[in-house]
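Survey of secondary and tertiary structure
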Amino acid sequence: CFTFYIAKIAVPCCLSTIKMMKVKANPLVSNLPPSSFRSSSQLSGSHGPGFAKLNRREGAGGWSPLSSDRYQWLEVDLGGRTRITAVATQGRYGSSDWQTAYLLMFSDAGHNWKQYRQEGSIGAFAGNSNADSVVQHKLQHQVIARYVRLIPLNWNPNGRIGLRLETYGCPYNSDVLSFNGQSSLIYRLTPRPRQMSSESISLKFKTLKNSGILLHAEGQNGHSLTLELEKGKLQLLIRKGTNLSRYLVTLGSLLDDQHWHHVAVEHHSNHLNCRHFIVSACLCTLSPVQMILGAQQGFSYTSFYGCLENPVYNGLNLVDLAKQKDQRGNVTFSCSEPVFVATTFTGPQSFLRLPRIDQSSLGISVGLQFRTWNKAGLLLTFELPNREGRVWLYLSKARAHLQIHKSGRAPLELNAGSALNDGQWHSVDLISGGGRLTITVDGDEGASAHASPSFLITTGGHIFFGGCPAEENSQECLNPFKAFQGCMRLLTVDNRPVDLIKVQQRLIGNYSHLQIDMCGIIDRCSPSHCEHGGSCSQSWSTFHCNCSGTGYSGATCHSSIYEQSCEAYKHKGNISGYYYIDVDSSGPIKPQLLYCNMTEDNTWMVIHHNNTDLTRVQPSPEVNTHVVHFEYASDEEQLAAIISLSEHCEQEIAYHCRKSRLLTSPEGSPLSWWVGGPGVGQMHTHWGGAPPGSQQCACSLQNNCVDSRYHCNCDADSNEWTNDSGLLTHKETLPVRSLVLGDIQRPGSESTYKVGPLRCHGDKNVWNAAFFDKETSYLHFPTLHGELSADISFLFKTTSSSGVFLENLGIKDFIRIELNSSNEVLFSFDVGNGPLEVSVKAGSPLNDNRWHRIQAERNVKEASLRLDELPAVTQEAPADGHIHLQLNSQLFIGGTASRQKGFRGCIRSLQLNGVTLDLEERAKITPGVQAGCPGHCSSYGSLCQNQGRCVERPTSFSCDCSSSAYTGPFCNKEVSASFKSETSVTYAFKEQMVNELNRSSSSSSSFPSSIYSDITLKAENVSLSFRTSQSPALLLYVSSYHREYFAVLLIFTKVLTNYSSVGVYLKARFEGKPFIFCQIDQNPKEDFNLTSGVEFNGIRSLVLGRLDPDLAQIASLGFTGCLSAVFFNSISPLKAALLHPKTSPVTVTGPLIQSICGFTSANLSHATETTHHLSGKRPLVNAIRSDSALIGGVIAVVIFVTVSSLAIMARFLYRRKCTCQRQEVKTVKPEDNPELPFRSRITSQNGPTENQKEYFI
């Protein structure tokens, strides 16, 4: 395997990269002659740069420029390339002159400077606070350079710039080769007799060309390795044989910046783990016999143009070898490089103004090269003669546009090129003359656009590049576009090059906010801070991550948008279905689509494999065993994480046999076995239901095997079919990866097998909690590691108004989350840029002893904080600031090392970067902290619907549906049944009391009130759902011992007769008060006034469906259709008949079929949950699809419109000793309602007596 990396070595002292020896760093400036110092200017001869040596008092005690501004610099020539490890500064001796911040620049040749950046982004160094103290900075990564330049940024406001400096390091020796684009160096190596355990190739390179071959190594058998620069990026190309080739890896960016870069390729005989800038490849040997530097002979690839330094193969210096054996081919042993002076436009205030050189020319030509990440920006602009118009050359949508406005003329526009914001150097030329106008991008290889204007395009004034001066009264330069941010070089005006060094010295033109003689472009996407496969794009000042299709969100695609388990989805109110599960949240494991079964108290994650069906064994000739391998829908790391996360896992395994033994042979060795467990798994000889290592089946433990001499049913070798089945429940043996069946070839042997899906329940993370009963109590854990990104999530509940949830400190850095007040959560941290705070305020108190969720994230771009379901609040990180969070103390939970007041209350499910901290285990050994935290119903009790009752558990909660007409984990699953015309369900109230009443004296005209007082109701609450095409229909009938009844009937009007199915939800309540109300679906409640003082006495039974003909004349109606969720006060008769027929006083006659016919639109609207889905995949809907939603919706509208014509009856007969004094509800007579044909069939025996009244509503 090969390891390929671009090295950045961080050392506190000098380290030789060849001999790997540490050398003490020494002062480099103190012994230099004055001629080694240069500066932008000097205040006087005694303030010259030669006096700028640390702790020296000669001259005026240091260097001071003529004027104090940001364009001044001090430069030191160290005399040769030197390894630099530290820099120190002082102010000017005995003065009030010192700099408080500065930039540090390095160069090999005194031009093309490179700014030193800490942490890859921070350019400014902290300076001095007085004239005498020394401030030293150790460089995070060593620099090899000859020239050092310091640029003051800020200085004492009561003085001026004053500087003395020193740099520390040690000598640097190197061997250099120069290639001119056609030269190469060839080495022919002697093949080794045996393969080495490791090989390495390393070198440094610098170039101005963005493409070219650095190295090509050819091995035996057609193997080869090529290091190639392609568009400023380094690519490693490996070929195996003559036909197979592939790019293994691409590293780096902007490597054509004419600065040195180090690259190494290492071959190891064993596999290496991948890490930043290091990638392993599976080409297990190379053993090169020929190595070519600079070009690849015989191929058409671009040759290298630039310099190589210290090329080393297995410790052999190839430059020394070339000098000794003269194996060079037109190369030189020095690095000669052209001088290209670039300038950097850093921001909106940057501009460069140049005068026209050839004023007599009839036309104009302007050219330049630029590189940028921005899609838009002004390249140049100038006025037409006599201020008759203006010319703009600018970037828009990454294309070059030319726009000319002239008075009295239509605007002229041209455009050329594309994708010019890729960070590469591009050229653009504007040429006008001879009546022709041309704009050309990237020369002959690019694109051009032409026009033939009728007027002369030239200027007699200035040309502005990049932007315009900030002066509001400047009419010479107008810029309606964005300012340019990027680099320019090779500027030409009238075909003459512009000397930018003279511009820097203010000898030509004028400028502002430019960095001349350097290109300060930074590739913020190399390395990319976008995580989990997010794509990175950038502008000049920042980068952006596109997280589409990744399953993650945030500024760096760090936080998962999915839950970690089915348990977490369940407690958000979801129902069974397929969900994306991200077991490690923001960790490296990808989300996976799993089925969540939430129909039981336990919530199961179900992981299927390629064969979960009962499968017949088909023996193959000449093969004594049958081997089956199972491929799971989840990856190996996903399976391992799920099993570890879950409290319990199980997998069904079954073997059905006839004359086919399972485990035990006559010799005692196992005939069959299975392989399971993590990784490749291990062999196991026990079967489902038996402990590991027992070589037994479940029947042996239950003492019910068909033959007691054997431990498995199949081992009895019976001619009759039998089976051994059971559950494998030891997590360390799961999942089942393969199955080997051995007794399958004997005559008469037959068998089938089944290995079910892996099922796991219980999320050990969700309910992991600790209770902090004192403000001084806390838990401590190892230091939080989140240098570049960190996410923290947890739930809390408290009655306190403030307290620190979490804190971790460093020397200067820190991170903290706290309850700042009763309605505010505060997230604060410091990575070296000063404290940054993000706060969220809730609309209600947070100390309500209910669970609240906090999610905090910090990355290189921003910090965010989210509380419960409130929108996240974000705070951007400072641009080009410190990005590394450096902590070194223990992590405190519930308390703090820096403050007195900790947190009182419960913290649950605390996760750092997707890893759950085991609060309970730590709490068991910590005084003042208790493991676990009860009281979940206060937060989650609302999930129990339809009169379901929340029941506390030690680490969870459940819903008791015994008092509900519904079932399911949240009492939201309707209990429904299909009724035929002959179906009847009778629920008897107080059956034992009925027996007593039957034994009483038959001559008694009334029963003692003490006997039937319990079955006398002063209020009825009835609700049910139904669907039917029958009209009329009896929905519900309640009878009493006093010939009273309560009935709910349905009669369709003519408007509704065309509908074959109807869904109506009805509620009626009779409270012993002179009114009754009825509500249908979601329509408004209808109230009806009755006579006062009514009661429904001696309730006896409730009937659904067909009645006993002896009970009432309406018995013949019956009901055909679907009834669901029938509820009468606290009784659920349909649920009792279907789910508890043996323990409930219920009698069923005729066919009663349980079904899902009762799932109405209202129910589905609550239950439907669309799962998160990845881009490009069809969303999965967890719901039972039914046409009842549409039909029910239509019917609800029709019912609402025709409520006056809808006949839904509630009839009450009751015994009265006085007559009605005020009748507000009409007493129904047969002739009053022609739509009640059954009414006329009520006999006087069952009809109302003289003391009874019948009400129709």
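Residues numbered from 1 in each chain as written. Predicted model: local features only at pLDDT ≥ 70, side-chain atom pairs only at ≥ 80, totals over all residues. Heavy atoms only, no water.

1. Let's talk about the overall build of the chain
Within the chain one finds twelve helices and 88 strands. Counting over 1257 residues, the chain shows a buried share of 54%. Summarising the internal contacts of the chain: among those between residues at least 6 apart in sequence, 71% fall at separations of at least 24. (Helix = DSSP H or I, 4+ residues; strand = E, 2+ residues; numbered from the N terminus. Buried < 20%, exposed > 50% of the residue type's maximum accessible area, 1.4 Å probe, protein only. Contact = heavy atoms within 4.5 Å.)

2. Observations concerning the side chain of Asp763
The residue Asp763 is located in strand 55 (residues 758-763) in this model. Put simply, Asp763 is tucked away with no salt bridge, and the nearest opposite charge, on Lys764, sits 8.5 Å away. A polar contact is formed between the side chain of Asp763 and the side chain of Ser565, at a distance of 2.5 Å. (Lys, Arg positive; Asp, Glu negative; His and termini not counted. Salt bridge = Lys/Arg side-chain N within 4 Å of Asp/Glu carboxyl O. Polar contact = N/O pair within 3.5 Å; in protein donor to acceptor, adjacent residues only side chain to side chain.)

3. What to know about the nonpolar core
With 44 residues, the main nonpolar core has Ile581, Tyr655, Trp687, Leu739 and Leu758 as its most contacted residues. Leave out the neighbours within four places in its chain, and Leu758 touches Met605, Val606, Ile607, Tyr632, Leu639, Ile643, Cys649, Glu650, Gln651, Leu734 and Pro735. Ranked by size, the runner-up nonpolar core spans 42 residues in total, among them Val428, Ile439, Ala449 and Val493. (Core = buried A, V, L, I, M, F, W, Y, C linked by side-chain atoms within 4.5 Å.)

4. Concerning unusual backbone geometry
With an omega dihedral of -5°, the bond running from Ser526 to Pro527 counts as a cis peptide bond. Positionally, Pro527 belongs in the loop between strand 39 (514-516) and strand 40 (535-538). The peptide bond linking Leu734 to Pro735 adopts the cis configuration, its omega dihedral lying at 0°. For Asp442, which is not a glycine, the phi torsion comes out positive at approximately 60°. Along the chain, Asp442 turns up in the loop between strand 33 (436-441) and strand 34 (447-451). Of note in the backbone geometry, His513 takes a positive phi value of approximately 55° without being a glycine.

5. Here's the deal with the environment of Arg146
With respect to the helices and strands, Arg146 occurs in strand 10 (residues 135-155). For Arg146, a relative accessible area of 28% puts it in the partly exposed group. Counting along the chain gives 37 residues from Arg146 to Ala109, while the straight-line C-alpha distance between them is 7.1 Å. Once residues within four sequence positions are removed from consideration, Arg146 is found in contact with Val76, Asp77, Leu78, Gly79, Gly80, Arg81, Ser107 and Asp108. Engagement of the side chain of Arg146 in a polar contact is seen with the side chain of Asp77, the distance being 2.8 Å.

6. As for the pattern of salt bridges
Pairing between side chains of opposite charge can happen when their charged atoms approach one another. Tallied over the full model, the rule gives 30 salt bridges. One salt bridge connects Lys204 with Glu309, and the closest N-O pair in it is separated by 4.0 Å. In this pair, Lys204 is assigned in strand 14 (residues 198-207) and Glu309 in strand 22 (residues 305-313), connecting sequence segments 105 residues apart. Residues Lys204 and Glu309 agree in their burial class; the two are buried. Close ionic contact of Arg616 with Glu750 constitutes a salt bridge, the shortest N to O distance being 3.3 Å. Highlighted residues: Arg616 in strand 47 (residues 615-616) and Glu750 in strand 54 (residues 750-755), separated in sequence by 134 residues. Residue class for Glu750 comes out partly exposed when judged on its relative accessible area of 27%. When salt bridges with common partners are traced through the structure, they connect Arg81, Asp108, Lys204, Lys206 and Glu309 into a single cluster.

7. Thoughts on the state of the cysteines
On inspection of all chains with the given rule, the structure shows 15 disulfides. At a sulfur-sulfur separation of 2.0 Å, the disulfide partner of Cys547 is Cys557. Every disulfide takes its handedness from the sign of the S-S torsion; for Cys547 and Cys557 that torsion is -95°, giving left-handed. Residue Cys547 is found in the loop between strand 41 (543-546) and strand 42 (552-553), and its partner Cys557 is found in the loop between strand 42 and strand 43 (559-560); the two are separated by ten residues along the sequence. Between the sulfur atoms of Cys697 and its disulfide mate Cys712 the distance is 2.0 Å. Between Cys697 and Cys712, the S-S dihedral sits near 85°, and the bridge is therefore right-handed. Of the two residues, Cys697 sits in the loop between strand 51 (682-684) and helix 5 (698-702) while Cys712 sits in the loop between helix 5 and strand 52 (722-728), which places them 15 residues apart along the sequence. A relative accessible area of 1% places Cys697 in the buried class. (Disulfide = S-S within 2.5 Å.)

8. Side note on the sheet that holds strand 60 (residues 814-821)
Strand order in this open sheet of six strands is 57-66-59-60-61-62, and the pairing throughout is antiparallel. A single partner strand is all that each edge strand has here, and the edge strands are strand 57 (779-781) and strand 62 (836-841). Taken pair by pair, the neighbouring strands of this sheet meet at an average axis angle of 15°, ignoring direction. With six bridges connecting them, strand 59 (residues 803-809) and strand 60 associate as antiparallel partners. Residue pairing across strands places Val804 opposite Glu818, the latter belonging to strand 60. (Pairing = 2+ DSSP bridges. Axes fitted to C-alpha atoms, helices over the stretch in contact; angles between N-to-C directions.)

9. Regarding the confidence of the model for the chain
Per-residue pLDDT for the chain averages 81, and the proportion of residues at 70 or more is 79%. Note on residues 992-1014: pLDDT is under 50 here. Beyond four places in sequence and across chains, it has 14 contacts. Predicted confidence is poor over residues 1053-1074, with pLDDT under 50, and the contacts of this stretch with residues over four places away or in other chains come to 76 contacts. (pLDDT = per-residue confidence, 0-100.)

10. Observations regarding the pairing of strand 71 (residues 956-960)
Extensive coverage of strand 71 is indicated by the burial of four of its five residues. Pairing between strand 70 (residues 949-953) and strand 71: five bridges, direction antiparallel. Each residue of the ladder has a partner; that of Arg949, found in strand 71, is Asp960. Counted between consecutive antiparallel strands, the loop separating strand 70 from strand 71 contains two residues.

11. Topic: the sheet that holds strand 29 (residues 389-396)
Ordered in space as 31-30-29-28-35-26-38, the seven strands form an open sheet in which the pairing is antiparallel. Only two strands of the sheet have a single partner each, and these edge strands are strand 31 (412-416) and strand 38 (510-512). Mean inter-strand twist for the sheet, computed between neighbouring axes without regard to direction, equals 10°.

12. As for the side chain of Thr752
Among the structural elements, Thr752 can be located in strand 54. By relative accessible area, Thr752 is classed as buried at 9%. Not counting residues within four places of it along the chain, the set of residues in contact with Thr752 comprises Leu614, Thr615, Arg616, Val617, Ala654, Tyr655 and His656.

13. Some words on the packing of aromatic side chains
Counted according to the given criterion, the structure contains 26 aromatic pairs. Following the ring pairs from residue to residue traces out a cluster consisting of Phe772, Phe794, Phe796, Phe805 and Phe903. Arg149 extends its terminal NZ or CZ atom over the ring of Trp73, reaching a point 3.8 Å from the ring centre. Across the ring face of Trp425, the terminal group of Arg489 is positioned such that the distance to the ring centre comes to 4.0 Å. (Phe/Tyr/Trp six-rings, centres within 6.5 Å; stacked < 30°, edge-to-face > 60°. Lys NZ or Arg CZ within 6 Å of the ring centre and 35° of its normal.)

14. Comments concerning the pairing of strand 54
Across two bridges, the pairing between strand 47 and strand 54 is antiparallel. In the sheet register, Thr615 faces strand 54, and the bridge partner there is Tyr753. In terms of strand pairing, strand 49 (residues 646-658) meets strand 54 through six bridges, oriented antiparallel. Bridging across to strand 54, His656 finds its partner in Thr752.

15. A word on the environment of Ala988
Topologically, Ala988 is positioned in strand 75 (residues 984-988). Taking the relative accessible area as the measure of exposure, Ala988 reaches 25% and is therefore partly exposed. Each C-alpha atom of the pair Ala988 and Ile1099 lies 9.2 Å from the other, and the pair is 111 residues apart in sequence. Discounting residues that sit within four places of it in the chain, Ala988 has contacts with Arg1100, Ser1101 and Pro1145.

16. Here's the deal with helix 4 (residues 636-645)
Every buried residue of helix 4 is listed here: Gln638, Leu639, Ala641, Ile642, Ile643 and Leu645. In the core, the buried residues of helix 4 are packed alongside strand 45 (592-597), strand 46 (604-607), strand 49 and strand 55.

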